[in-house]
Amino acid sequence: MAMLKPGVLSVGAKHYDRRLFDELIPLPEGTTYNAYLVRGSRATALIDTVDPEKESVLFDCLTRAGVESLDYVVCNHAEQDHSGAIPAVLKRFPAAKLVVNPKCAEFVREHLLVPAERMHIVQDRATLDLGGKTMEFIFAPWVHWPETMLTYLREDAILFPCDLFGAHLAQSETFVVDDRLLLDSAKRYYAEIMMPFRAQIRQHLATLSGYRLEMIAPSHGPVHRRPSLIIDAYTDWVSDRVANEVVLPYVSMHGSTKRLVEVFTDELAVRGVEVRPFNLTVSDIGELAMALVDAATVVIATPTVLTGPHPLAVSATYLVNALRPKTRFVGVINSFGWGGRTVEVLNGMLTALKAEILTPVTVRGYPKEADYAAVRALADGIATKHTEMV
Ligand code: FEO
């Protein structure tokens, strides 16, 4: 528990040893479920709750803060890591109303079985005056669900954006203490959760530019006393700027694809193109996602298995397509034994990207001189396109 400003407390939970989110996303630094208590002269509100697994931590904090009653519980986002404790909170505080927008009302009814009579439904830019503490609700759909909203505390100029600007980073300090660590963690979070919604985030950043922000208090990770750190990072990540980089997810069964990857990596490097190879048998998909944030090009390298790509390459390609990075060029390097449809299958999986498809390199068996020439041609083409792009 920590004070952000007089009358504003952080009352959420840290989950240092959680290592997987949504049974999908690695959490090397754990995570937090931040909830915030706002006390006005007339009423008290809780902004977001915690994952049900950490419900007791939230209740301990509220007890230590001397909270005997709550007037409002704000649900910025209905995903259960923030909303899962809402039923227990509403039960403990029977006078409390759940502040939701109309879309979120649907979600909490369906997912958490909250009855309509407990809800206080707000529209975009509506306000609630707690007595010297005015909460304004700013609808921000698709960061990363359709119902998401941000809560702005006017008098204190604090933004509570729930997932937006968050980081899966558990640390004992409430506030950001290490800019580099924060930005790495926040970039991973952006890549995994927010990147598909780049266009919507741009709009939300434009909206927020009209607000004075002294503090950003997300519901994952540390609180920002210097909001420009994360706002500037997001402005860059959602921009159209791409870096002179190739992301190279690969898998190799008997060494042919690996040899092609080694040669391709060297050929790109000598042409001044940074390359990030990811051996898919051992890679953290969060690191792969992070690399996709800025890279101009993605090349997937895989052998053919049972007429198609190796399943690890299928999984990585599905992820690339789902995350919708700003990649401009995509390519395939394929080693096969006797045939198959690997290139067609992979290219057919990348339909969500607005990227130019490069001429693939397809190699039968172990690579030979003509195959190395094809790899060099692919590296040449990428280096030229990257130069033209800058
Ligand atoms: Fe942290 Fe979308 O929940």
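Residues numbered from 1 in each chain as written. Predicted model: local features only at pLDDT ≥ 70, side-chain atom pairs only at ≥ 80, totals over all residues. Heavy atoms only, no water.

J.: Can you walk me through the domain arrangement of the chain in this structure?
T.: You'll often see interface size given as the accessible area lost when the parts meet. Here the chain is described as being made up of domain 1 (2-237) and domain 2 (246-383). Placing the centre of domain 1 and that of domain 2 at their C-alpha centroids yields a distance of 38 Å. Listed by partner, the interface residues are 14 residues for domain 1 and 14 residues for domain 2. Buried area between domain 1 and domain 2, summed over both chains or domains, comes out near 1,200 Å², and the portion from carbon and sulfur atoms is 62%. (Domains from an automatic or database assignment. Contact = heavy atoms within 4.5 Å. Buried area = accessible area lost by both parts, 1.4 Å probe.)

J.: Just checking my understanding: could you explain empty space enclosed by the protein for this structure?
T.: By rolling a water-sized probe across the atoms, one finds the places where empty space is left. Within this structure, the stated rule accounts for 1 cavity of 30 Å³ or more. Reported here for the largest cavity is a volume of approximately 40 Å³. If you trace the largest cavity, you find it lined by Phe 21, Asp 22, Glu 79, Asp 81, His 144, Asp 163, His 168, Tyr 189, Ile 193 and His 220. Of the residues belonging to the lining of the largest cavity, the class tally is 3 nonpolar, 3 polar and 4 charged. (1 Å grid on protein atoms, 1.4 Å probe; cavity = no way out; pocket = protein on both sides within 12 Å on 5 of 7 lines; lining within 4 Å. Points joined across faces, edges and corners; volume = space filled by probe spheres on them. Nonpolar A, V, L, I, M, F, W, Y, C, P; charged D, E, K, R; others polar.)

J.: Could you clarify how one ought to interpret the pattern of salt bridges in this entry?
T.: A side chain of one charge can pair with a side chain of the opposite charge if their charged atoms are brought near each other. Scanning all chains against the criterion turns up 25 salt bridges. Here Arg 42 makes a salt bridge to Asp 129, at a shortest N to O gap of 3.0 Å. Here Arg 42, found in the loop between β7 (36-39) and β8 (44-47), pairs with Asp 129, found in strand β12 (residues 127-129); they are 87 residues apart in sequence, far enough to count as distant. On the accessibility criterion, Arg 42 (60% relative accessible area) is exposed. Residue classification places Asp 129 among the partly exposed positions, given a relative accessible area of 41%. Salt bridges here are not isolated pairs; linked through shared partners, they connect Lys 187, Asp 236, Arg 241 and Asp 294. (Salt bridge = Lys/Arg side-chain N within 4 Å of Asp/Glu carboxyl O. Helix = DSSP H or I, 4+ residues; strand = E, 2+ residues; numbered from the N terminus. Buried < 20%, exposed > 50% of the residue type's maximum accessible area, 1.4 Å probe, protein only.)

J.: What am I meant to see in the environment of Cys 61 here?
T.: Assignment of secondary structure puts Cys 61 in helix α1 (residues 55-64). The exposure class of Cys 61 is buried, given its relative accessible area of 2%. Beyond its immediate sequence surroundings of up to four residues, Cys 61 is in contact with Met 1, Val 11 and Gly 12.

J.: Where do I start with the packing of helix α8 (residues 256-270) against helix α12 (residues 369-389) in this structure?
T.: Geometrically, a packed helix pair is captured by the angle between its two axes and the distance between the axes. Their axes nearest at 9 Å, the elements α8 and α12 cross at an angle of 40°. The angle between α8 and α12 places the two elements in the oblique class. Classified by chirality, the crossing of α12 by α8 is right-handed. Every residue of α12 that contacts α8 at Arg 259, Leu 260, Val 263, Phe 264, Glu 267 and Leu 268 is listed here: Tyr 372, Val 375, Arg 376, Leu 378, Ala 379 and Ile 382. A per-class count over the contact of α8 with α12 returns 9 nonpolar, no polar and 3 charged. (Axes fitted to C-alpha atoms, helices over the stretch in contact; angles between N-to-C directions. Parallel < 35°, antiparallel > 145°, perpendicular 65-115°, else oblique. Left-handed = near helix turned anticlockwise from the far one by under 90°.)

J.: Even after reading the chapter, I still don't get the environment of Asp 71, so can you show me in this structure?
T.: Note that Asp 71 resides in the loop between α1 and β9 (72-74). For Asp 71, a relative accessible area of 29% puts it in the partly exposed group. Dropping the residues within four chain positions of it, Asp 71 is found in contact with Arg 42, Ala 43, Thr 44, Ala 95, Ala 96 and Lys 97.

J.: Looking at this structure, I do not really get the state of the cysteines. What am I missing?
T.: By definition, a disulfide links two cysteine residues through a covalent bond between their sulfur atoms. The full count for this structure, using the stated rule, is 0 disulfides. No disulfide involves Cys 61; its sulfur sits 17 Å from that of Cys 162, the nearest cysteine. (Disulfide = S-S within 2.5 Å.)

J.: Can you help me understand helix α7 (residues 228-237) in this one?
T.: An α-helical segment advances 3.6 residues per turn. Residues three or four places apart therefore align on the same side. Within the span of α7, buried status applies to Leu 229, Ile 230, Ile 231, Ala 233, Tyr 234 and Trp 237. Buried residues in α7 make contact with α5 (179-194), α6 (198-208) and β16 (215-216).

J.: So what exactly am I meant to see when it comes to the pairing of β7 here?
T.: Along a regular strand, successive side chains alternate from one face of the sheet to the other. Bridge analysis of strand β2 (residues 8-10) against β7 gives 3 bridges, and the strand direction is antiparallel. Counted as the bridge partner of Leu 9 is Leu 37 from β7. Pairing analysis gives 4 bridges linking β7 to β8, with the strands arranged antiparallel. Directly across from Arg 39, in β8, lies its bridge partner Thr 44. Taking the residues that link successive antiparallel strands as the turn, the β7-β8 hairpin has 4 residues. (Pairing = 2+ DSSP bridges.)

J.: I tried to follow the nonpolar core on my own but got confused; where do I start?
T.: Most often, soluble globular proteins have nonpolar side chains that are buried together. Ranked by internal contacts, the top residues of the largest apolar core, which has 60 residues, are Phe 165, Tyr 190, Met 194, Ile 201 and Tyr 234. Examining the composition of this core, we find that 8 residues originate from one element, α5, more than from any other. Three or more residues apiece are contributed to this core by two domains, here domain 1 (2-237) and domain 2 (246-383). Once residues lying within four places of it in the same chain are set aside, the contact partners of Phe 165 are Leu 159, Leu 205, Leu 208, Ile 216, Pro 218, His 224, Ile 230, Ile 231 and Tyr 234. (Core = buried A, V, L, I, M, F, W, Y, C linked by side-chain atoms within 4.5 Å.)

J.: Would you mind going over the sheet that holds strand β15 (residues 158-160) with me for this structure?
T.: Each strand in a sheet pairs with another by means of backbone hydrogen bonds, the pair being arranged parallel or else antiparallel. Sheet architecture is open: 5 strands sit in the order β12-β13-β14-β15-β16, paired in mixed fashion. Edge strands, defined here as strands with exactly one partner in the open sheet, are β12 and β16. Inspection of the sheet shows β15 paired to β16 by 2 bridges, in the parallel sense. The partner of Ile 158 across the bridge, within β16, is Met 215.

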